[in-house]
Amino acid sequence: MKIWQVDCYRRPLKNESGQPLWELLVCDASDSAPLFSNLCPQSEVNADWVRAQFPQVNHGKLPDKIQVFRPQSLSLIETVAQSFGIPVEPTRRTLALKRSLIDRAKEYPSDPRYIRENYEPLAIDKPPPLPLPENLWGEQWRMATVKAGDLIDTFADLPIPVKEIPEFITPIQLGLASTVAVPGIVIYGGRSSMQLARWLQEINPVSINYIPGQPDGLILEAGLCDRWVIATFEDQEVAAAAQNYQTRKQLIKGLHFLLVQPDDSGMTYSGFWLLQD
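Residues numbered from 1 in each chain as written. Predicted model: local features only at pLDDT ≥ 70, side-chain atom pairs only at ≥ 80, totals over all residues. Heavy atoms only, no water.

In the annotation of an unreviewed UniProt entry, the entry for the protein reads Tab2/Atab2 family RNA-binding protein, and the organism field reads Planktothricoides raciborskii FACHB-1370.

What follows is the structure in structure tokens.
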């Protein structure tokens, strides 16, 4: 499957008349070297302009799918892609595109059109985290670990109704030793377990982070920029365990997991997600 990763957004550049410049950047998902790039004054950026660029990419060979990570680009790219019959996947996991954006940002200071502003190429405005819907609250939750060598064998073959295990973030793809402990969050959802798993499937979990505060909390990052409060706590022992969970993640390239079960019997599972910061 041929996948493009596409971004269309303002860059820290201005043309001779002082108009901000936007860039359409297209990368192949398997290669961070750009397939195509073109700049346009902000006043002229619209679906017609983007639509006219697509046939120039890769000698007119259109992809099977387009991935977009920036919320501000999504509706524009969806409109254009629809006219070509190409599905669009909103996802934060546009690694090739993000590498290219970072590399290009290093070159801007030497460009005479550079406006010398604080520029973060991957920055996205994130809303405050929202509480989980009350009807989906689990009965209990806990932190857990599974050895990297057992993680895929344990969950990949089980008949779990909702399951997401991206190939490119499996322990073997990340080069992790089989004995490394992979941290995770387990939620016992009781009768709401399957409903919770289906809801999580809809919002597309990305990562779960420990955020210290008053109170401390576990925040679920989902979709392109959504954030949800998984749990809050003030107990010092729980906070210490959560800090250990966060540290473990940092030591193994951000890998962790989310598991939803009806109870703690270990007999049935409702949902499993392999996640990465």
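The structure having been displayed, the exposition proceeds.
**Student:** How should the overall build of the protein be read in this particular structure?
**Tutor:** A tally of regular secondary structure across the protein gives seven helices and 14 strands. The principal-axis extents of the C-alpha atoms in the protein amount to approximately 65 × 40 × 40 Å. Here the protein has roughly 14200 Å² of accessible surface; of this, 48% comes from carbon and sulfur atoms. The centroid of the 26 positive side-chain charges in the protein is displaced by 4 Å from the centroid of its 33 negative side-chain charges. (Helix = DSSP H or I, 4+ residues; strand = E, 2+ residues; numbered from the N terminus. Areas by Shrake-Rupley, 256 points an atom, 1.4 Å probe, with all protein chains shown as cover. Lys, Arg positive; Asp, Glu negative; His and termini not counted. Charge placed at Lys NZ, Arg CZ, Asp CG, Glu CD.)

**Student:** For this particular structure, what's the right way to read the state of the cysteines?
**Tutor:** Put plainly, a disulfide is one covalent bond tying together the sulfur atoms of two cysteines. Enumeration over the complete set of coordinates arrives at zero disulfides. With no disulfide of its own, Cys8 lies closest to Cys40 among cysteine sulfurs, the gap being 7.8 Å. Cys40 gets classed as buried once you look at its relative accessible area, which sits at 1%. (Disulfide = S-S within 2.5 Å. Buried < 20%, exposed > 50% of the residue type's maximum accessible area, 1.4 Å probe, protein only.)

**Student:** I would appreciate a short explanation of the environment of Gly271 in the present structure.
**Tutor:** The topology assignment puts Gly271 in strand β14 (residues 271–276). Gly271 gets classed as buried once you look at its relative accessible area, which sits at 0%. Measuring from C-alpha to C-alpha, the distance between Gly271 and Leu196 comes to 8.6 Å, with 75 residues separating the pair along the chain.

**Student:** I'm lost on the pairing of strand β13 (residues 255–261) in this one. Help?
**Tutor:** Side-chain positions along a regular strand alternate between the two faces of the sheet. β13 sits mainly inside the fold: seven of its seven residues count as buried. Pairing of strand β9 (residues 181–188) with β13, which is carried by five bridges, proceeds in the parallel orientation. What sits directly across from Val186, in β13, is Leu259. Bridging between β13 and β14 involves six bridges; their strand directions are antiparallel. Bridge pairing in β14 places Leu255 opposite Gln276. (Pairing = 2+ DSSP bridges.)

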